[in-house]
Amino acid sequence: MPLDQNCTDTGVDNVNDVQVFHSACPHDCPSTCALEVERLNPQTIGRVRGASANTYTAGVICAKVGRYAERVHHPDRLTKPLRRVGEKGAGRDAFEEISWDEALDIIADNLKRAADQHGPETVWPYYYAGTMGLVQRDGINRLRHAMGYSRQHSTFCNTLADAGWLAGTGRKSGVDAREMAESDLIVIWGCNPVSTQINVMTHATRARKNRGAKIVVIDPYETESAKQADVHLMPNPGTDGALACAVMHVLFRDGHADRAYLEKYTAGGAELEAYLATRTPEWANVLTGIPVTEIERFAALYGQTQRSFLRLGFGFTRSRNGAVQMFSASCLPAVTGAWQYLGGGALYSNSDIYGVDKTVIEGLDVVDSSVRVLDQSRIGPILTGDRRDLGAGPPITALFIQNTNPMNVAPDLGKVRDGFSRNDLFICVHEQFLTETAQMADIVLPATTFLEHDDMYVAGGHTHLQVARAVIDPVGEARPNHWVITELARRLGADHPGFSMSEWELMDDALQRSGYPDAQSCWEGHWEDRALSFEDSHFLNGFGHEDGRFHFMPDWSKIGENYEGMPAFPDHFDVIDGRDGEHPFRLVTAPSRDYLNTSFTETVTSQSREGRPEAQLHPDICRDMRLAAGDQVRIGNAKGSVVVHVRPTQGLRRNTVIVESVWPNQAFVEGIGINLLISAEAGLPNGGAVFHDTAVWLKSS
Ligand SMILES: Nc1nc2c(c(=O)[nH]1)N[C@H]1C(S)=C(S)[C@@H](COP(=O)(O)OP(=O)(O)OC[C@H]3O[C@@H](n4cnc5c(=O)[nH]c(N)nc54)[C@H](O)[C@@H]3O)O[C@H]1N2
Ligand SMILES: Nc1nc2c(c(=O)[nH]1)N[C@H]1C(S)=C(S)[C@@H](COP(=O)(O)OP(=O)(O)OC[C@H]3O[C@@H](n4cnc5c(=O)[nH]c(N)nc54)[C@H](O)[C@@H]3O)O[C@H]1N2
Ligand code: SF4
Ligand SMILES: [Mo]
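Residues numbered from 1 in each chain as written. Chains lettered and ligands numbered in written order. Predicted model: local features only at pLDDT ≥ 70, side-chain atom pairs only at ≥ 80, totals over all residues. Heavy atoms only, no water.

**Digging into the domain arrangement of the chain**
Here the chain is described as being made up of domain 1 (82–154 + 355–455 + 474–515), domain 2 (160–348 + 535–554) and domain 3 (585–700). Here domain 1 and domain 2 have C-alpha centroids that lie 38 Å from each other. (Domains from an automatic or database assignment.)

Below, the structure written as structure tokens:
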């Protein structure tokens, strides 16, 4: 892949000999920041900055991407294909270097042999969002569909949140995040933007500075975002449905419901009002633990503020009842009619606004709908032969993995580890680093980073599509996902026009079919702003359902198969892993600031800023258990137990434990990570991992 950029290209600026290239952050983060990357020479980058001309990024990015040189030029980057000759999980010494041809031939032979023996469903191309680039992330699906390999239901992240948002609104879009600057009240609900999408804070603090806007954070612990808020409501995890209902009870009771709006734009408002009669602040207090006065005060503030902006995150949806939690919160602006006002309404994600046609990228024209679908989050049960997942089909005997590190991030880690340890399972991992997943592989392939390949990106948190070109040459023999997929396709005899196209041609094809300028023009312009009109983003031309209304009584059966028993209205849906005598605490494994999932766990700066995995516990619990800061505590449930060091903190309830994630297993005292305790049970109604829904016990260790 020769670099075809030079200083005269419009995607590039020349600043004092150092060339500055436009790019976009590929990481799995709603901010998808517009970047300016310094190139010191064709092999080396310098600083990475946020593009100040981009009105969402506004020149601000997180510290870990600012120092991306540390990751790209890390001495542990994989630079050669490797074959495992030693034990699984034994590190670099267990591997020998081989050529790309040899590696690709071995993979193709193994996939063919597996499919010949068991049928193509025995092969699972397994992927997630290590890069969010549409070509490099999703191209694996073209190989899957062309070969009839098992399909994947990707449930790690947004399945529950999507289900809940779509139930009420019917479309995955919302108010432009930049409009926060016009709001008088910003409610950051179930997300921690200081850590997970810094730009939300840029726009929220603008509103505070310019308009004296109030910021409310709703989170079970005092995150860095909560510390910056005017009000922090601290619910028990998994009880936001109750909070939302009590707030709506007060809104109706105190005359803050906009009856004309309800009549014109919603369905089921009258039934909702009657239903909420029993959902009082006192009722919610018992479930959420939030004092009645705080619920009343928040409801009054929300009801009295027309320009109220809900920024709804993922965190509060990572529970069995997560879809109902999201749905319940999304009902608030439909009750007050906040959607009608500048700076009012809600945003969960804008990912439905782009309309990029990925038929060729993903091979959607050759999907065989009779091929089974496997739930990504259930990789542990699946690899250990759970018939509920495998159905009548064959066991998985070959895994081809790109862009994900399931040996750390997946739920039910004990089963994941058992599955990866199987000797009859062929594993290929295409990676930038020798992750714990890669260490279990038979063949490891070195992958480029976003700075070494071309791709395009859309964002949930804003409204820009961005095309980015490689900035530097590939490190060592690292190759992009697209190249690996096409080389495998050739060896496997997979037939699809997409396999003979370059990344750039795939982008051109998708963009032009979708009404965008071509890739070159998008790249030269840096970004294409697809923001909806005020009326559309505020659903004033109708919500996404056929009747154009917001639904207070959702049809969950349209969203997923497991809808039986789901509540008819917003509610507290009591299917969470509740506390009991044996498990008196609830565990939340929220993301840490200096890692991004497990990406950056390899960089020394992030490691030194994070230190080690810790359990945040209320000081009263520490006192009762005679635990001091730095002592070890054992956290457990029926799945096993994990030992971590203690950090006493005031900012949580006595019955909550926080272990920020996601760390490599090796970072834990006994070499197994916190996801050992997390269930692979699917959230309702359409699946979704339940990372923050775990009842546990604690023991001094
Ligand atoms: N630094 C950093 N940034 C990241 C990531 C990372 O790992 N590190 N991960 C990226 C990814 S993949 C994603 S999906 C996003 C996720 O970003 P967010 O939308 O912020 O979601 P989470 O990080 O899962 O959780 C956010 C907060 O939800 C809280 N929470 C947990 N349970 C509940 C509950 O029941 N009710 C309420 N009200 N709050 C609850 C947690 O305590 C946590 O503080 O961030 C992305 N950005
Ligand atoms: N306990 C707990 N567990 C969680 C969560 C939590 O909050 N708590 N969050 C969950 C969520 S929201 C998510 S999204 C998942 C995310 O989990 P993953 O998707 O597994 O994310 P990462 O751990 O960052 O792993 C991505 C890997 O992709 C690699 N990669 C990046 N770019 C490329 C590329 O171009 N090509 C190839 N071949 N590889 C590349 C990176 O090196 C990295 O190792 O984790 C989930 N797990
Ligand atoms: S805030 Fe998110 S999108 Fe922006 S640079 Fe950091 S990881 Fe990337
Ligand atoms: Mo995620």
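Moving on from the coordinates now.
**So, the sheet that holds strand β19 (residues 455–457)**
The strand order β19-β20-β21 describes an open sheet built from three strands, whose pairing is antiparallel. The sheet terminates laterally at β19 and β21 (528–529), the two strands that pair on one side only. Bridge count for strand β20 (residues 464–468) against β21 is two bridges, and the pairing is antiparallel. Along β21, the bridge assignment pairs Leu465 with Glu528. (Pairing = 2+ DSSP bridges. Helix = DSSP H or I, 4+ residues; strand = E, 2+ residues; numbered from the N terminus.)

**A look at helix α21 (residues 413–421)**
Where α21 is concerned, the buried positions are Leu413, Gly414, Val416, Gly419 and Phe420. Those residues of α21 hidden inside the fold are in contact with α18 (379–383), β16 (398–402), α20 (406–409) and β17 (426–431). (Buried < 20%, exposed > 50% of the residue type's maximum accessible area, 1.4 Å probe, protein only. Contact = heavy atoms within 4.5 Å.)

**What to know about unusual backbone geometry**
The step from Ser661 to Val662 runs through a cis peptide bond, and the omega angle for that step is -5°. Inspection of the secondary structure assignment puts Val662 in the loop between β27 (656–658) and β28 (694–700). One non-glycine residue, Asn597, lies in positive phi territory at about 55°. Of note in this structure, Arg626 is not a glycine but carries a positive phi near 55°. Inspection of the secondary structure assignment puts Arg626 in the loop between α27 (619–624) and β25 (632–637).

**Quick notes on the site of ligand 2**
In the region of ligand 2, 33 residues are neighbours, and Thr404, Glu431, Thr598, Ser599 and Asn675 sit closest. With respect to ligand 2, the side chain of Gln432 contributes an N or O atom lying 3.0 Å from a nitrogen atom. The contact in question runs from a nitrogen atom of ligand 2 to an N or O atom on the side chain of Asn481, over 2.8 Å. When ligand 2 is considered free in solution it has 910 Å² of accessible area, and contact with the protein chains removes 97% of it. Here the residues of the shell around ligand 2 sort into 11 nonpolar, 18 polar and four charged. (Near = heavy atom within 4 Å. Polar contact = N/O pair within 3.5 Å; in protein donor to acceptor, adjacent residues only side chain to side chain. Areas by Shrake-Rupley, 256 points an atom, 1.4 Å probe, with all protein chains shown as cover. Nonpolar A, V, L, I, M, F, W, Y, C, P; charged D, E, K, R; others polar.)

**Considerations on the environment of Ala267**
Looking at the secondary structure, you find Ala267 in strand β12 (residues 266–267). Residue classification places Ala267 among the partly exposed positions, given a relative accessible area of 23%. On a C-alpha basis, the gap between Ala267 and Asp547 in space is 8.8 Å, while along the polypeptide they are 280 residues apart. Filtering out sequence-adjacent residues up to four positions away, Ala267 remains in contact with Asp547, Arg549, Phe550, His551, Phe552 and Met553.

**Some words on the sheet that holds strand β6 (residues 95–97)**
Judged by pairing direction, the sheet is mixed, and its six strands sit side by side in the order β6-β5-β18-β17-β16-β7 without closing on themselves. What marks the edges here is a single partner per strand, and that holds for β6 and β7 (123–127). Taking each pair of neighbouring strands and ignoring which way they run, the sheet shows an average axis angle of 20°. Across the face of the sheet, helix α5 (residues 140–147) comes into contact with β7 and β16 while running at roughly 165° to β7. (Axes fitted to C-alpha atoms, helices over the stretch in contact; angles between N-to-C directions.)

**Things to note about the site of ligand 1**
The local shell around ligand 1 holds 33 residues, among which Asp219, Gly238, Asp240, Tyr595 and Asn597 are the closest. Ile218 places a polar main-chain atom, nitrogen or oxygen, 3.0 Å from a nitrogen atom of ligand 1. Between ligand 1 and Gly238 there is a distance of 2.7 Å, counted from an oxygen atom to a backbone nitrogen or oxygen. Contact with the protein chains hides 98% of the accessible area of ligand 1, taken as 910 Å² for the molecule alone. In terms of residue class, the shell around ligand 1 is made up of 15 nonpolar, 12 polar and six charged. In terms of domain composition, the shell around ligand 1 takes at least three residues from each of domain 2 (160–348 + 535–554) and domain 3 (585–700).

**Regarding the pairing of strand β26 (residues 640–648)**
For strand β24 (residues 614–617) and β26, the ladder comprises four bridges, and the chain directions are parallel. If you follow Gln616 over to β26, its bridge partner there is Arg647. Between β25 and β26, which pair antiparallel in sequence order, lie two residues.

**A few points about the pattern of salt bridges**
Tallying each qualifying case throughout the model produces 46 salt bridges. With a closest N to O distance of 3.0 Å, Glu487 and Arg491 form a salt bridge. A residue pair is termed a helical-turn pair when its members lie 3 or 4 positions apart in one helix, as Glu487 and Arg491 do in helix α22 (residues 481–492) at four residues. What makes Glu487 buried here is its relative accessible area of 14%. Salt-bridge contacts for Arg623 lead to Asp624; the nearest nitrogen and oxygen are separated by 3.5 Å. Side by side, Arg623 and Asp624 carry an identical accessibility label, which is exposed. (Salt bridge = Lys/Arg side-chain N within 4 Å of Asp/Glu carboxyl O.)

**Comments concerning the packing of aromatic side chains**
One pass over the structure, following the stated rule, counts 21 aromatic pairs. With centroids separated by 5.6 Å and ring planes inclined at 80°, the aromatic side chains of Phe314 and Tyr348 adopt a geometry described as edge-to-face. Of the two residues, Phe314 is situated in the loop between β13 (308–312) and α15 (322–330) and Tyr348 in the loop between β14 (345–347) and α17 (359–362); the sequence distance between them amounts to 34 residues. Ring centres of Phe539 and Phe543 lie 4.6 Å apart, and the angle between their planes is 20°; on these two criteria the pair is classed as stacked. For the pair shown, Phe539 and Phe543 are each scored as buried. Grouped by ring-pair contacts, the aromatic residues Trp165, Phe314, Phe327, Trp339, Tyr348, Phe539, Phe543, Phe550, Phe552 and Trp556 constitute a single cluster. Positioned above the aromatic ring of Trp504, the side-chain terminus of Arg469 is 3.9 Å from the ring centre. Looking at Arg469, its charged tip hangs above the ring of Trp523, at a distance of 4.9 Å from the centre. (Phe/Tyr/Trp six-rings, centres within 6.5 Å; stacked < 30°, edge-to-face > 60°. Lys NZ or Arg CZ within 6 Å of the ring centre and 35° of its normal.)

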